[in-house]
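The residues making up each chain are set out below.
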Amino acid sequence: MKFISKLTKLLAIILPILILTSCDDDENGNVIEGTNSIVNYFEKNQDFSEFLQAIDLAGLRATLDANSGTYTVLAPNNEAVDAYLTEHHYTNVEAIPEDTLYQLVSYHLLETLTPKENFVTGYLKTSATVAVNDSTDVSLNLFVNAENTLKFNENTTITTADIDVDNGILHKIDHVLELPTMKTFLEADGNLKPFYEALTTEGTATDFENLINETDNFKTVFVPDANAMASFYEEKNVTNASEINSDSLDNILRNHFVNELMLSSGFVNEYKTSLATETISGENHLINLYTNIDLGLKLNGNSNIVIPDIVTVNGVIHVIDTVLKLPTLTDFILADSELSTLTDAFLREDQATQDYLGLLTETNTDFSNAPFTVFAPINEAFAATLLEIFPEQDASIEDIEQTELTSILNLHIVGDAALRTENLTEGSLQTIGGENIHVNADKTLTDVNGRPAKYTNTNLQAANGVLHTIDNVLLPQQ
């Protein structure tokens with residue numbers, strides 16, 4: 001009993017001392033719980049003094065100085081920071097522009113607690129953001145390669161892992177993580193590198209490096225994955241991009257670029273303009289790209305986005321499962337959700353001899369009627385026309401007699417001409433069935449019955465012609 005009594009008295013003396021020595025006091029003598037925040041750690045370790053200075057100049061000290069939290073910090077030491085300053089010709093950390101510094105420090109912060117063993121190959125969101133418009137910021141991505149040696153953006157490794165702090169975890173890294181451009185990920189990610197190698201194949205256009213690396217404006221690039229590139233080469237019966245005609249390859253690659261930022265959250269069923277050009281008219285108009293969200297995220301009806309929204313400082317990468325070939329008019333008609341009734345009409349069994357969809361894939365002007373101009377009635381146009389033709393019944397496209405349907409469809413295709421709205425001057429156009437339709441001064445169309453059709457979308461450029469969607473079905477002589 002005497003021993004227990006002495007032990008109790010000893011603990012009563014020791015415990016307050018332990019508590020006091022494990023806490024700090026503020027200026028008023030009040031006890032502050034916890035002294036091992038991210039900031040505290042850097043203050044105690046001079047090897048990180050320059051990164052701590054960057055944190056202070058970026059205004060992030062308060063954010064990172066807390067008693068609890070789940071931050072993961074990829075922390076470059078002074079040697080790594082000095083190498084960055086030398087490479088970018090900065091005399092010191094203070095010389096880095098404030099906005100750049102804020103982004104740079106934030107790019108080294110992950111908002112979830114991630115020990116080294118939990119990193120897996122793929123893309124993570126960092127605390128750094130880019131403003132895509134006046135009201136929306138999106139997080140910059142970081143590429144993790146955990147296949148062999150753990151790497152970030154392919155050139156940065158962890159030298160000391162899993163340093164516990166009160167508000168997260170630190171990993172010491174051997175380089176400052178540069179703010180990523182699209183080139184950063186195309187080079188670093190083995191799944192994307194075959195596309196990058198095609199872009200930089202000797203003989204291709206010299207501006208591809210600028211497209212993926214310049215930061216003057218946002219771009220979107222749809223990048224075929226490694227399997228898609230391999231299938232593309234197999235189909236071409238080549239082993240790599242250098243064996244493909246350079247002009248042809250150049251245009252195919254440009255078909256994967258859009259000169260604006262397209263986040264998947266903003267996708268709708270619509271046409272965008274790629275950087276590829278048609279060659280069939282001799283006027284080099286930019287080719288369109290159709291996005292469809294009805295069944296996932298599809299491009300031109302035959303390519304799927306499998307990894308969306310890899311965000312960089314100069315745009316966004318979407319990984320796709322096929323190479324985007326230059327689209328034909330058939331591709332647009334099959335892909336466009338507003339043209340499904342027209343598709344059904346073209347595919348009707350008794351129209352097989354006409355092979356409309358086959359016709360509208362033709363691109364060789366020496367042996368075909370290409371280029372084409374197609375005036376494509378939207379679904380609502382067919383619905384209204386069916387009611388007009390069959391006022392007493394609930395009719396479908398199947399109710400139109402075979403020869404009449406052929407005559408109707410023929411009226412909507414003009415051969416040997418890629419007519420954009422600027423080319424549609426007032427006068428008559430002969431269609432592939434031999435009958436004429438009339439172009440009016442106000443750019444509307446009229447069939448021989450005086451029935452008008454207005455454009456709902458114009459100048460949709462395919463590799464083998466132009467598509468215009470219209471709000472009424474043109475009918476032959478009644």
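Residues numbered from 1 in each chain as written. Predicted model: local features only at pLDDT ≥ 70, side-chain atom pairs only at ≥ 80, totals over all residues. Heavy atoms only, no water.

K.L.:
Explanation requested: the sheet that holds strand 9 (residues 168-173) in the structure shown.
P.N.:
Strand pairing in a sheet relies on backbone hydrogen bonds, with the paired strands running either antiparallel or parallel. Pairing in this open sheet of seven strands is mixed, and the strands run 4-3-9-8-7-6-5 from one edge to the other. Looking at strand neighbours, the two that pair on one side only are strand 4 (109-110) and strand 5 (122-131), the edges of this open sheet. The sheet contact formed by strand 7 (residues 151-152) and strand 8 (residues 156-165) spans two bridges and is antiparallel. Note on strand 8: the bridge partner recorded for Lys 151 is Thr 157. Each of strand 4, strand 5 and strand 6 (137-145) touches helix 6 (residues 98-106); the most contacted strand, strand 5, lies at about 155° to it. (Pairing = 2+ DSSP bridges. Helix = DSSP H or I, 4+ residues; strand = E, 2+ residues; numbered from the N terminus. Contact = heavy atoms within 4.5 Å. Axes fitted to C-alpha atoms, helices over the stretch in contact; angles between N-to-C directions.)

K.L.:
Would you mind going over helix 15 (residues 379-389) with me for this structure?
P.N.:
Note on helix geometry: an α-helix contains 3.6 residues per turn, so any two residues three or four positions apart are oriented the same way. When we look at burial in helix 15, the residues that qualify are Asn 379, Ala 381, Phe 382, Thr 385 and Leu 386. Seen along its axis, helix 15 keeps its buried residues to an arc of 155°; they face one direction. Of the exposed residues in helix 15, the ones pointing more than 90 degrees away from its buried face are Glu 380 and Leu 387. Lining the buried residues of helix 15 we find helix 13 (340-346), strand 17 (372-377) and strand 24 (465-470). (Buried < 20%, exposed > 50% of the residue type's maximum accessible area, 1.4 Å probe, protein only. Arc of directions from axis to C-beta.)

K.L.:
So what exactly am I meant to see when it comes to the side chain of Asn 300 here?
P.N.:
Counting through the fold element by element, Asn 300 comes out in the loop between strand 14 (298-299) and strand 15 (303-312). Aside from chain neighbours lying at most four places away, what touches Asn 300 is Leu 289, Tyr 290, Lys 325, Pro 327, Asp 331, Phe 332 and Ala 335.

K.L.:
Just checking my understanding: could you explain unusual backbone geometry for this structure?
P.N.:
Excluding glycine, residues mostly carry a negative phi; peptide bonds, for their part, are mostly trans. That bond from Ala 370 to Pro 371 is cis: its omega, 0°, falls within 30 degrees of zero. One can find Pro 371 in the loop between helix 14 (356-359) and strand 17. Of note, the phi angle at Asn 459 is positive, near 55°, even though the residue is not glycine. By secondary structure assignment, the location of Asn 459 is in strand 23 (residues 455-462).

K.L.:
Is there a simple way to explain the side chain of Thr 469 in this structure?
P.N.:
With respect to the element layout, Thr 469 can be found in strand 24. For Thr 469, a relative accessible area of 2% gives the class buried. Here Thr 469 is in contact with Asp 336, Leu 339, Ala 376, Ile 378, Lys 454, Tyr 455, Thr 456, Asn 457 and Leu 460, once residues within four sequence places are set aside.

K.L.:
I keep staring at the pattern of salt bridges and nothing clicks. Help me out?
P.N.:
Inspection of every chain in the model, using the stated rule, returns 15 salt bridges. Of the charged contacts, one joins Lys 272 and Glu 260 as a salt bridge, the two residues approaching to 3.1 Å between their closest N and O atoms. Here Lys 272 is found in strand 12 (residues 270-277), whereas its partner Glu 260 is found in the loop between strand 11 (257-258) and strand 12, with twelve residues between them in sequence. For Lys 272, a relative accessible area of 15% translates into the label buried. The class of Glu 260 is partly exposed, set by a relative accessible area of 33%. With its nearest N and O atoms 3.6 Å apart, the salt bridge here joins Lys 272 to Glu 270. Since its relative accessible area comes to 25%, Glu 270 is described here as partly exposed. Connected through salt bridges with shared partners, the residues Glu 43, Asp 56 and Arg 61 form a single ionic network. (Salt bridge = Lys/Arg side-chain N within 4 Å of Asp/Glu carboxyl O.)

K.L.:
I would appreciate a short explanation of the packing of helix 3 (residues 49-57) against helix 5 (residues 78-87) in the present structure.
P.N.:
Put simply, helix 3 and helix 5 touch, their axes get as near as 7 Å, and they point 65° apart. Classified by the interaxial angle, the pair formed by helix 3 and helix 5 is roughly perpendicular. From helix 3, Ser 49, Glu 50 and Phe 51 reach across to helix 5, where they touch Asn 78, Val 81, Asp 82 and Leu 85. Classifying every residue of the contact of helix 3 with helix 5 by side-chain character gives three nonpolar, two polar and two charged. (Parallel < 35°, antiparallel > 145°, perpendicular 65-115°, else oblique. Nonpolar A, V, L, I, M, F, W, Y, C, P; charged D, E, K, R; others polar.)

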